Amino acid sequence: MSDSPDLIDHQHAESPLYFGIDVGGTGIKIGLVDSAGRTVGYRKIPTRQPEGPEAAVDRIAQVCRDLGQVVGQTNIRAAGLGAPGPMDLDAGTLIQPPQLPSWWGFNLRDAVAAAIGMPVTFLNDANAAAYGEFWTGTGRDDNSMVLLTLGTGVGGGIVVEDLLVNGENSCGSECGHILVDPSPTARLCVWGGGRGHLEAYASASAVVQRTRQRLTEGAGGKLAGTLAGNDSELTALKVYHAAIEGDELALEIVDETAYWLGIGVTSLVHTIDPGIVVLGGAMNFGGDGDPIGTRFLRGVRETFRSRTFENVFEGTRIRFASLGGHAGYLGVAGYAKKQTA
């Protein structure tokens, strides 16, 4: 999917409209979205994390003013805001997001609300992406949905009967931290404290770690040369490219990742019974229509089938996400609509 979304003419927009603001460690995506989930205006700006949150809020407000001039401010009801956790959703405060170290303890929600002059709802970024896929993406025809985002870590979002699971401690839907391996020697996830968590086995970081271990133990093939250079030369994307070329180790890593993800999917489905599990994030091994993406998805389904009831397997779809990097700002805009309706 393109970095810029398809836009509709504001004259065809369904009122009221909502801002969707998706804050990341390197970039901030801001969309003006109509009530049908279509994007009227869009801008992406750099986060410039070291400059601090106040400077970023000023730039967010300026973009919102620019986008709002096209449709008239009176047609815009509210804004939705997503950011990385951990956070205190009720207070509107970022706690210690590792991507934004100079923003720790900052009340981002209230600062944005004051700067743009309208109500702002606040979500964890993974939950925002989940609500985007639920509202207008792969899960749009479902009542409940689980989203797993596969990237550096594993994020997640859960919607049950149209309700987003945020949790009492603003930590609801942290699907990447469910336990899949209880052994004392289980792998550690990206943040270093989660032994045996799904993130330790099914993230891009885990793919690199497991591949590097195999290479250190003497595995050959197309990826062996990466150990001779800098550690950063080995990436999940390189594993995917090697798998496309038929490299045995790369294919084993893809299959193992699918297996562990299938274990996680089974636990989530047995808890939520959502009807659909959506796989998003950058690490999709090519996604829909790609031979490795197809193999990966088939492996997840096969593991799930072997560990669940037949009727549950038949009643649960596992599919790739469809909104790409736009899911976050669309999700918070949709959530703002839901909360202010």
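Conventions adopted
Residues numbered from 1 in each chain as written. Predicted model: local features only at pLDDT ≥ 70, side-chain atom pairs only at ≥ 80, totals over all residues. Heavy atoms only, no water. Phe/Tyr/Trp six-rings, centres within 6.5 Å; stacked < 30°, edge-to-face > 60°. Helix = DSSP H or I, 4+ residues; strand = E, 2+ residues; numbered from the N terminus. Buried < 20%, exposed > 50% of the residue type's maximum accessible area, 1.4 Å probe, protein only. Core = buried A, V, L, I, M, F, W, Y, C linked by side-chain atoms within 4.5 Å. Contact = heavy atoms within 4.5 Å. Salt bridge = Lys/Arg side-chain N within 4 Å of Asp/Glu carboxyl O. Pairing = 2+ DSSP bridges. Axes fitted to C-alpha atoms, helices over the stretch in contact; angles between N-to-C directions.

Here's the deal with the packing of aromatic side chains
Alright, step 1. A full pass over the atoms with the stated rule returns seven aromatic pairs.
Alright, step 2. Judged by centre distance (5.3 Å) and plane angle (40°), the rings of Tyr42 and Tyr329 are tilted. With Tyr42 in strand E3 (residues 39-46) and Tyr329 in helix H10 (residues 327-340), this pair connects stretches of sequence that are 287 residues apart.
Alright, step 3. Exposure remark for Tyr329: the relative accessible area of 0% places this residue in the buried category.
Alright, step 4. Where Tyr131 meets Tyr335, the ring centres are 5.6 Å apart and the plane angle is 80°; that geometry is what we call edge-to-face. In this pair, Tyr131 sits in helix H3 (residues 125-136) while Tyr335 sits in helix H10, placing the two residues 204 residues apart along the sequence. With respect to class, Tyr131 is no different from Tyr335; both count as buried.
Alright, step 5. One aromatic cluster is present, formed by Tyr131, Phe134 and Tyr335 through successive ring pairs.

Comments concerning the nonpolar core
Alright, step 1. Grouped together as the largest cluster of nonpolar side chains are 50 residues, with contacts concentrated most on Leu148, Leu261, Val265, Leu279 and Phe296.
Alright, step 2. Among the elements that make up this core, the one with the highest residue count is helix H7 (residues 248-272) (12 residues).
Alright, step 3. Apart from the residues lying within four places of it in its own chain, the contact partners of Phe296 are Leu150, Val254, Thr257, Ala258, Leu261, Leu279, Asn284, Phe285 and Phe320.

Some points on the pattern of salt bridges
Alright, step 1. Evaluation of the coordinates by the stated rule reveals 12 salt bridges.
Alright, step 2. For Asp66, the salt bridge identified is with Arg43, shortest N-O distance 3.9 Å. Here Arg43 lies in strand E3 and Asp66 lies in helix H1 (residues 53-71), a separation of 23 residues in the sequence.
Alright, step 3. Taking relative accessible area as the criterion, Asp66 reaches 27% and is therefore assigned partly exposed.
Alright, step 4. Put simply, Asp142 and Arg317 hold a salt bridge, and the shortest N to O gap is 2.2 Å. Highlighted residues: Asp142 in the loop between H3 and strand E8 (145-150) and Arg317 in strand E12 (residues 317-320), separated in sequence by 175 residues.
Alright, step 5. For Asp142, a relative accessible area of 13% translates into the label buried.

As for the environment of Ala130
Alright, step 1. Inspection of the secondary structure assignment puts Ala130 in helix H3.
Alright, step 2. Residue Ala130 is classed as buried on the basis of its relative accessible area of 0%.
Alright, step 3. Apart from the residues lying within four places of it in its own chain, the contact partners of Ala130 are Met145, Leu147, Gly157 and Ile158.

Focus: the sheet that holds strand E4 (residues 76-83)
Alright, step 1. If you trace the five strands from one edge of the open sheet to the other, you get E3-E2-E1-E4-E7, paired in mixed fashion. Lying at the two open borders of the sheet, with one neighbouring strand each, are E3 and strand E7 (120-124). With direction set aside, neighbouring strand axes in the sheet form an average angle of 15°.
Alright, step 2. Direction of pairing for E4 relative to E7: parallel, over a ladder of five bridges. Bridge assignment links Ala83 to a residue of E7, and that residue is Asn124.

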